[in-house]
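Observations on the three-dimensional arrangement
The chain contents come next:
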Amino acid sequence: MVEGSRPVRYWTLPPAPDGSIVSSRETPKEYADTIDWQEMAEVFGEMTRTGGMKDMRKMMSFQSRLQKMDKDELVAALEQIAALDLADEERMMLQAMLLGPLVTKDPELALTRFSKQLGDESNGIGWQLASALGQWAKKDASAATAWFEKEIASGTFDSKSLDGKNRIRTMFESNLVAQLLSHDPAAAEARVAALLADQRKEVLDGFGFMQLKKSDQAAFASLVRGQVSEKERIDIFGKAASKAAMQGGLENASEFLDRIGATGEERVAVAEKAALGSVQGKAFKAKTEAEDLDEMREWLSAEAPGSVDRVTGESIGNMASFGGNSFGGGMKFDDAVKLALKYHESTGNDDVLTGFLDEAGTYDNKEGARSLAEKISDPAKREEALKNLD
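Residues numbered from 1 in each chain as written. Predicted model: local features only at pLDDT ≥ 70, side-chain atom pairs only at ≥ 80, totals over all residues. Heavy atoms only, no water.

Along the protein, the regular secondary structure elements total 20 helices and zero strands. Of the contacts formed within the protein by residues at least 6 apart in sequence, a portion of 63% connects residues at least 24 apart. A total accessible area of about 19,800 Å² is found for the protein, and carbon and sulfur atoms account for 49% of it. (Helix = DSSP H or I, 4+ residues; strand = E, 2+ residues; numbered from the N terminus. Contact = heavy atoms within 4.5 Å. Areas by Shrake-Rupley, 256 points an atom, 1.4 Å probe, with all protein chains shown as cover.)

Following this line, the structure appears as structure tokens:
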């Protein structure tokens, strides 16, 4: 505790000495529990040093308490943390934990409370502040837009990098445009059109669109098609389709393709990316089974039949790149080679092997990669693959 600072209360309060129950606003300081922010900073410090935590229950209880705090208590806690003698990283982690619930309860207050840190690309809370702008725009798009324009004009988001970009401003733009898309598509389009051409993809590809509503997908597609190049369009739609597949299965990706009116080459290219993304998402989380690949192959055979074997190889190559991660996902290189050979033998298509070699990390596995390349039946493709491994 910092002497003289306002205590942050728990929410199950002990009775007063006379046995009566009083509200948190009425409870005297001496009868209210407080969060020991110095202790929580030490917990975060341990997480940073060791990558783990000894007492997970303590952290879960802490997070639960934060969600129950009102905005005044959250602001008081932020003031208390500001007065503590903490390492910058510990202070930032505590602030980030408090900022999340504050954004939910009062996004405008969150932005004004952290106004001096809005354009700072090094503070680690830029994405939360950008989310606050999006939350505010949900409630009052006009006020949120006016505030953002004022900050831009005052130089808050001026770039300090050589490329002239400010990634924090990009996050803010992405969240604002995503909300405008729901309420005023014309305003969203005008805002994106006013950006430099090389900034538009970053905004439309930003995390403001992570939770794109199904009802907004057609308007989103129209916006993207009108503002970026064909290659950028495929990349943006591909990521969105991959998210849809990871959240609700490959059929969900098909529904996304239908909603955005994807046809012809566009549908094929986006489906390929969705298929790759769905398998890659599973590979990162857990051990990928052949059944996952077979499911992907069956789906892709309907959406992009000519791409099935190449995407299968690329998917296995991606799994090999994980190399069996610490979460239990991915696949050891030798096991991935065996799986690629299995599909190559069953299909007779060299695309399985070339796709694998294009995506797998072969630097530390040159011998295994060469043995696989030598299995390519087409002489020209085999020679090219071997040359790339030299």
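Let us now look at the confidence of the model for the protein. Across the protein, pLDDT averages 85, with 86% of residues at or above 70. When the criterion is pLDDT under 50, residues 1-33 qualifies, and its contacts beyond four places in sequence or with other chains add up to 51 contacts. Confidence drops under pLDDT 50 across residues 324-328; counting only partners more than four residues distant or on other chains, this segment forms eleven contacts. (pLDDT = per-residue confidence, 0-100.)

Attention shifts here to helix 11 (residues 217-227). Taken residue by residue, helix 11 has Q217, F220, A221, L223, V224 and Q227 as its buried positions. Down the axis of helix 11, the buried side of the element spans an arc of 165 degrees, and every buried residue falls inside it. In the core, the buried residues of helix 11 are packed alongside helix 8 (167-183), helix 9 (185-193), helix 10 (197-204), helix 12 (230-248) and helix 13 (250-259). (Buried < 20%, exposed > 50% of the residue type's maximum accessible area, 1.4 Å probe, protein only. Arc of directions from axis to C-beta.)

Another aspect to go through is empty space enclosed by the protein. Under the defined criterion, the tally for this structure stands at two cavities of 30 Å³ or more. L204, D205, F209, L212, F220, I236, K239, A240 and K243 are the residues that line the largest cavity. Element by element, the count of residues in the lining of the largest cavity is highest for helix 12, at four residues. A per-class count over the lining of the largest cavity returns six nonpolar, no polar and three charged. Put simply, the second largest cavity is a space of about 30 Å³. Forming the walls of the second largest cavity are L250, S278, V279, K282, D292, E295 and M296. Looking at the lining of the second largest cavity, the elements with two or more residues in it are helix 14 (264-285) and helix 15 (290-303). (1 Å grid on protein atoms, 1.4 Å probe; cavity = no way out; pocket = protein on both sides within 12 Å on 5 of 7 lines; lining within 4 Å. Points joined across faces, edges and corners; volume = space filled by probe spheres on them. Nonpolar A, V, L, I, M, F, W, Y, C, P; charged D, E, K, R; others polar.)

With that out of the way, let us pick up the packing of aromatic side chains. According to the stated counting rule, one finds nine aromatic pairs in the structure shown. On the basis of an interplanar angle of 55 degrees and a centroid distance of 5.0 Å, the ring pair of F157 and F172 is categorised as tilted. Of this pair, F157 sits in the loop between helix 7 (141-153) and helix 8 while F172 sits in helix 8, placing them 15 residues apart in sequence. By the burial criterion, F157 is buried, and F172 matches it. Centroid distance F209 to F220: 5.2 Å. Interplanar angle 40 degrees. Geometry classified as tilted. Linking F209 in the loop between helix 10 and helix 11 with F220 in helix 11, this pair joins segments that are eleven residues apart in sequence. There is no split in this pair, since F209 and F220 are both buried. Aromatic ring contacts, followed pair by pair, group W136, W147, F148, F157 and F172 into a single cluster. Its end group placed over the ring of F114, R113 keeps NZ or CZ at 5.8 Å from the ring centre. (Phe/Tyr/Trp six-rings, centres within 6.5 Å; stacked < 30°, edge-to-face > 60°. Lys NZ or Arg CZ within 6 Å of the ring centre and 35° of its normal.)

This part takes up the pattern of salt bridges. Under the criterion given, the structure shown has 19 salt bridges. A salt bridge links D258 to R267; the nearest nitrogen and oxygen atoms lie 2.9 Å apart. Salt bridges sharing partners connect three or more residues here, namely E149, R169, E173 and R191. (Salt bridge = Lys/Arg side-chain N within 4 Å of Asp/Glu carboxyl O.)

Time to look at a negative patch on the surface. A contiguous patch of negative charge on the surface is contributed by E251, E291, D294 and E298. The element that contributes the greatest number of residues to the negative patch is helix 15, accounting for three residues. Take E251: it is sitting in helix 13. Judged by relative accessible area, which is 53%, E251 ranks as exposed. (Patch = residues over 30% accessible without salt bridge, like charges linked within 9 Å, V, L, I, M, F, W, Y side chains within 5 Å. Lys, Arg positive; Asp, Glu negative; His and termini not counted. Charge placed at Lys NZ, Arg CZ, Asp CG, Glu CD.)

Quick look at the side chain of E272 now. Mapped onto the secondary structure, E272 falls in helix 14. Given the relative accessible area of 16%, E272 is considered buried. In this view, E272 contacts L300, S307, R310 and V311; residues no more than four positions away in its chain are not counted.

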